[in-house]
Amino acid sequence: SAVISQKPSRDICQRGTSLTIQCQVDSQVTMMFWYRQQPGQSLTLIATANQGSEATYESGFVIDKFPISRPNLTFSTLTVSNMSPEDSSIYLCSVRTQGGWETQYFGPGTRLLVL
Amino acid sequence: EDQVTQSPEALRLQEGESSSLNCSYTVSGLRGLFWYRQDPGKGPEFLFTLYSAGEEKEKERLKATLTKKESFLHITAPKPEDSATYLCAVNWGAGGTSYGKLTFGQGTILTVHP
């Protein structure tokens with residue numbers, strides 16, 4: 001398994017601003033992912049964070065709105081840009097560990113409220 | 001078109017009353033089916049991975065099984081601390097960009113009363 005931390009754990013932001021969420025893993029991982037969980041809903045994949053290259057976004061999510069960085073094998077950031085109340089969600093980082101066949105482990109999440 | 005469907009949406013049990021949660025899927029090329037537990041305000045906690053029909057896995061009061069169309073999470077003699085949302089997810093596809101991606105069901109909210 002892997003120990004995953006996210007910062008911040010929660011935040012309240014104003015409309016039109018941006019927030020960067022950090023995800024740190026205690027070991028090198030092959031793949032990192034960012035998910036969104038809207039209130040009362042299940043998880044939806046935003047993008048796969050690729051080390052050393054541009055992230056791969058899912059349908060409905062674009063780089064201008066959710067820029068992602070992954071400078072190394074243990075760290076990634078997700079920025080939620082030009083926020084609106086509809087962006088209020090829990091944002092979750094997940095990882096697939098080296099040698100961990102297909103299993104994904106999740107971080108504690110960042111709870112975002114946009115006013 | 002729903003690819004992963006969980007039922008029931010909510011389940012209330014008395015302590016000790018065994019039951020099952022269902023996860024049905026309509027994807028092709030299943031690579032793995034995953035069960036997670038999620039407590040309020042926390043990230044999903046990994047429980048099981050199932051790879052092929054007929055496979056079973058157990059952990060304490062939980063037992064997960066897999067067929068070609070669905071998976072069951074059996075809870076034997078549940079306790080109040082088993083109360084949580086249980087999420088099912090699948091990894092599927094022919095490879096390439098689908099590798100590693102999970103598609104989640106809507107979850108089952110389990111409440112166990114003492």
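What you see is a predicted model, and the numbers here were worked out from it, not measured in a lab.

So, how was this worked out
Residues numbered from 1 in each chain as written. Chains lettered and ligands numbered in written order. Predicted model: local features only at pLDDT ≥ 70, side-chain atom pairs only at ≥ 80, totals over all residues. Heavy atoms only, no water. Contact = heavy atoms within 4.5 Å. Salt bridge = Lys/Arg side-chain N within 4 Å of Asp/Glu carboxyl O. Polar contact = N/O pair within 3.5 Å; in protein donor to acceptor, adjacent residues only side chain to side chain. Helix = DSSP H or I, 4+ residues; strand = E, 2+ residues; numbered from the N terminus. Nonpolar A, V, L, I, M, F, W, Y, C, P; charged D, E, K, R; others polar. Disulfide = S-S within 2.5 Å. Buried < 20%, exposed > 50% of the residue type's maximum accessible area, 1.4 Å probe, protein only.

(A) Examining the interface of chain A and chain B more closely. At the junction of the two partners, chain A supplies 20 residues and chain B supplies 20 residues. Where chain A meets chain B, there are zero salt bridges. Taken together, chain A and chain B are joined by five residue pairs in polar contact (both at pLDDT 80 or more). Elements with a contribution of two residues or more to the side of chain A that touches chain B: β4 (29-37), β5 (43-49), β9 (89-97) and β10 (104-106) of chain A. For the side of chain A that touches chain B, the leading source of residues is β4 of chain A, giving four residues. Residues belonging to the side of chain A that touches chain B are distributed by class as follows: 10 nonpolar, six polar and four charged.

(B) Looking closely at the state of the cysteines. All names here are of chain A. Tallied over the full model, the rule gives two disulfides over all chains. At a sulfur-sulfur separation of 2.0 Å, the disulfide partner of Cys23 is Cys93. With the S-S dihedral at roughly -65°, the linkage between Cys23 and Cys93 falls on the left-handed side. Residue Cys23 is located in strand β3 (residues 19-25), and its partner Cys93 is located in strand β9; the two are separated by 70 residues in the primary sequence. Using a relative accessible area of 0% as the deciding quantity, one classes Cys23 as buried.

(C) Focus on the side chain of Thr110 of chain A. Residue and element names in this part refer to chain A. Inspection of the secondary structure assignment puts Thr110 in strand β11 (residues 110-114). Polar side-chain contacts of Thr110 include one of 3.2 Å to the side chain of Gln6. For Thr110, the side chain forms a polar contact with the main-chain oxygen of Pro8, separated by 2.6 Å. When neighbours within four sequence positions are excluded, Thr110 is seen to be in contact with Gln6, Lys7, Pro8, Ser9, Ile21, Ser89, Ile90 and Tyr91.

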